[in-house]
Amino acid sequence: MEEEASILVIDDERGIREGCRRGLTPLGYRVEVADTAAKGLRKLREDSFDLVLLDLMMPGMSGMEALGRIQEIDADIVVVIITGYATVEAAVKTIKKGAYDFISKPFTADDLILVVNQGLEHRRLSLETKRLQTIEEEAKELARAKVELEKLDAMKSRFMLTVAHELRAPIAAIQGYLGLILDGYADDDEQEMIENAHRRCGELLDMIHDLLLLAHMKEKTTEVKTRAVSVAQVLEETAGLLRTQAEQKGLTFEVEVAGQPEMLADEEHLRQLWTNLISNGIKYTPRGGRVVASLHQRDSQIVGSVSDTGVGIAADDIPRIFDEFYRTAKAKEMEEHGTGLGLPIVREIVETYGGTIDVESEPGQGSTFTFTLPQSAESGKETLQGGKVVGNSEGAG
Ligand code: ADP
């Protein structure tokens, strides 16, 4: 059932107000009246109306001024001006200012009903047009979201294909070694084959570990529990674990820390960040080279970097090294084991805290990876897209 239209008559002449009420009420319209513009505006603020019959010549606020105020309250309201013979010219001006029509005094009930019905029809049509425009915009928005989702879906499928492909290689190799041993073809190489199969199992586990970590980091709905962590201490501990690896490779490995920077974070994230960057430095730097991990604080930012004198990264490769599974030709040549997931994990960690990561590299000369992290977890919130970084007041301080 359609809702009854509501009409407000603003006129200082009682005869006009009552005439309008008598003429329009029998049509099923709700009619309210006000004898000044100020009272009319008050009613408009308190209640909603479809149409206003507005006298142009009233003591106090004029109809012309009231028209502007009415439009401020409700831009869609239909205003019909009631005008005397002497004010027709002014009434025409109100049309230019957005009034729908005018009716000249004296008028008959039929004149009134005609203009009011036309006005209400006009309002119905303009509201309907607006509704359709909104639906159209929503449909466009939905179409855009659908395209976005399809893209994400395609990315996910591509990602799954790559994962399957990457997992197949070590499993096929392990099966190959075991097959040779089982079929009795291993002879004197049996021990070596078992060692190879064992090594490939380790690589497989590394990849699964990194995949799980990355999936966990990408799950933005989970809360990141933070407490005050000494970034310097995490760096020293990580460096301690990786030092032997660097020395075995004949590399100089140095750690430079300025101050005792602390930040609100999940300690595991910081450990992973340093581990991935330092172990890359060690992996991609040939014997005799140098790897330096450094840390300092700039304003309320933690700035960490890992520099090496290694193989470097070609300019074309730089935008791709943070993509899952991407490995440069140079890295593959070095026959160093890698999953191609270390830097994507680094990027996810840095983004979780609202930080940044940059690379500078010169092929054949070396690379420097620099990250910044805001000391307060608060700063990372906007970039979490649904996830939450929550501080733990017990640990903080
Ligand atoms: P990976 O497990 O292969 O090391 P990452 O995601 O950590 O995977 O790195 C991606 C690629 O970026 C590496 O395969 C390598 O090609 C390049 N890369 C990363 N760090 C360095 C570095 N310090 N020097 C040269 N190349 C690097």
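Remember, it's a predicted structure, so these values are computed and weren't measured experimentally.

Thresholds, definitions, all that
- Residues numbered from 1 in each chain as written.
- Predicted model: local features only at pLDDT ≥ 70, side-chain atom pairs only at ≥ 80, totals over all residues.
- Heavy atoms only, no water.
- Pairing = 2+ DSSP bridges.
- Helix = DSSP H or I, 4+ residues; strand = E, 2+ residues; numbered from the N terminus.
- Near = heavy atom within 4 Å.
- Polar contact = N/O pair within 3.5 Å; in protein donor to acceptor, adjacent residues only side chain to side chain.
- Areas by Shrake-Rupley, 256 points an atom, 1.4 Å probe, with all protein chains shown as cover.
- Nonpolar A, V, L, I, M, F, W, Y, C, P; charged D, E, K, R; others polar.
- Core = buried A, V, L, I, M, F, W, Y, C linked by side-chain atoms within 4.5 Å.
- Buried < 20%, exposed > 50% of the residue type's maximum accessible area, 1.4 Å probe, protein only.
- Domains from an automatic or database assignment.
- Contact = heavy atoms within 4.5 Å.
- Axes fitted to C-alpha atoms, helices over the stretch in contact; angles between N-to-C directions.
- Salt bridge = Lys/Arg side-chain N within 4 Å of Asp/Glu carboxyl O.
- Expected span 1.5 Å × (residues − 1).
- Patch = residues over 30% accessible without salt bridge, like charges linked within 9 Å, V, L, I, M, F, W, Y side chains within 5 Å.

Visitor: Break down the pairing of strand E11 (residues 356-362) for me, citing the residues and quoting the values.
Guide: Both E11 and strand E12 (residues 366-374) contribute to a ladder of seven bridges, which runs antiparallel. Each residue of the ladder has a partner; that of Thr 356, found in E12, is Thr 372.

Visitor: Explain the site of the ligand residue by residue, including any values.
Guide: Tyr 284, Arg 327, Thr 328, Thr 339 and Leu 343 are the nearest of the 21 residues found near the ligand. Thr 339 has a polar backbone atom sitting 2.8 Å from an oxygen atom of the ligand. Taking Leu 343, its main chain carries an N or O atom lying 2.8 Å from an oxygen atom of the ligand. Compared with its free state, where it exposes 530 Å², the ligand has 98% of that area covered by protein. Every element with two or more residues in the shell around the ligand is listed here: helix H8 (267-283), helix H10 (342-352) and E12. Ranked by residues supplied to the shell around the ligand, first place goes to H10 with three residues. Partitioning the shell around the ligand into residue classes produces 10 nonpolar, eight polar and three charged.

Visitor: Run through unusual backbone geometry, naming residues and quoting values.
Guide: In the segment running from Lys 105 into Pro 106, the intervening peptide bond is cis, with an omega of -5 degrees. In the Ramachandran plot, Asp 299 falls in the positive-phi region, its phi being about 50 degrees despite a non-glycine side chain. Despite not being glycine, Phe 325 has its phi angle at roughly 70 degrees, a positive value. Of note, Phe 325 is situated in the loop between strand E10 (301-308) and helix H9 (329-333).

Visitor: Provide a residue-level description of the nonpolar core, including the pertinent values.
Guide: If you look at the biggest cluster of nonpolar residues, it comprises 45 residues, and the most contacted ones within it are Leu 270, Trp 274, Ile 278 and Leu 373. When residues of this core are assigned to domains, at least three map to each of domain 2 (143-219) and domain 3 (224-391). Apart from residues no more than four positions distant in its own chain, Ile 278 is found in contact with Leu 235, Leu 242, Phe 253, Ala 293 and Val 306.

Visitor: Let's hear about the environment of Ala 186: which residues, and what values?
Guide: Tracing the backbone through its elements, the reader meets Ala 186 in the loop between helix H5 (109-182) and helix H6 (190-218). Ignoring sequence-local partners within four residues, the contact set of Ala 186 consists of Leu 180, Ile 181 and Met 193.

Visitor: Residues and numbers for the domain arrangement of the chain, please.
Guide: We note that the domain assignment places domain 1 (6-107), domain 2 (143-219) and domain 3 (224-391) within the chain. If you average the C-alpha positions of domain 1 and of domain 3, the two centres end up 71 Å apart.

Visitor: Would you mind going over the sheet that holds strand E3 (residues 51-55) in detail, with residue names and values included?
Guide: The parallel open sheet is built from five strands, whose spatial order is E2-E1-E3-E4-E5. Every other strand in the sheet has two partners, leaving strand E2 (30-34) and strand E5 (101-104) as the edge strands with one partner each. Between one strand axis and the next, the sheet turns through 20 degrees on average, direction left out of account. Bridge analysis of strand E1 (residues 6-10) against E3 gives four bridges, and the strand direction is parallel. Opposite Ile 10, over in E3, you have Leu 54 as the bridge partner. On top of the sheet, helix H1 (residues 14-24) reaches E1, E2, E3 and strand E4 (78-83); it is set at about 175 degrees to E2, its chief contact. Contacting E1, E3 and E4, helix H3 (residues 63-73) crosses the sheet at an angle of about 160 degrees to E3.

Visitor: Explain the sheet that holds E12 residue by residue, including any values.
Guide: Pairing is mixed in the open sheet, where five strands are placed in the order E7-E9-E10-E12-E11. For this open sheet the edge positions go to strand E7 (252-257) and E11, each flanked by a neighbour on one side alone. Averaged over all neighbouring strand pairs, the angle between strand axes comes to 10 degrees, with direction disregarded. Where strand E9 (residues 290-298) meets E10, eight bridges bridge the pair, whose relative direction is antiparallel. Residue pairing for E10: Val 291 is matched across the bridge by Asp 308. Sheet strands touched by H10: E11 and E12. Its angle to E12, the strand with the most contacts, is close to 25 degrees.

Visitor: Which residues make up the side chain of Ser 230, and what values do they have?
Guide: Inspection of the secondary structure assignment puts Ser 230 in strand E6 (residues 223-230). Residue Ser 230 is classed as buried on the basis of its relative accessible area of 14%. Within the structure, Ser 230 has its side chain in polar contact with the backbone nitrogen of Gln 233 (distance 3.0 Å).

Visitor: Tell me about the pattern of salt bridges, residues and numbers included.
Guide: The tally for this structure, following the rule as stated, stands at 26 salt bridges. Among the ionic pairs, Arg 124 bridges to Glu 121, the shortest N-O distance being 2.9 Å. Remark: Glu 121 and Arg 124 occur in helix H5; sequence separation between them is three residues, near one turn of the helix. Taking relative accessible area as the criterion, Arg 124 reaches 40% and is therefore assigned partly exposed. Residues joined in a network through salt bridges with shared partners are Arg 227, Glu 237, Glu 267, Glu 268 and Arg 271.

Visitor: Describe the side chain of Arg 123, naming the residues involved and giving the relevant values.
Guide: When you line up the elements, Arg 123 lands in helix H5. Within polar-contact distance, the side chain of Arg 123 engages the backbone oxygen of Asp 76 at 3.1 Å.

Visitor: I'd like a description of H6, backed by residues and values.
Guide: The first and last C-alpha atoms of H6 sit 42 Å apart over 29 residues, in line with the 42 Å expected at 1.5 Å per residue. Those residues of H6 that fall on the buried side of the exposure criterion are Met 193, Asn 196, Ala 197, Glu 203, Leu 204, Met 207, Asp 210, Leu 211, Leu 214 and Met 217. Packed against the buried residues of H6 are H5, H8 and H10.

Visitor: Just give me the short version of a nonpolar patch on the surface, but keep the residues and values in it.
Guide: Nonpolar side chains collect at one region of the surface, where Leu 149, Leu 152 and Met 155 lie side by side and expose about 310 Å² of accessible area between them. Along the chain, Leu 149 turns up in helix H5.

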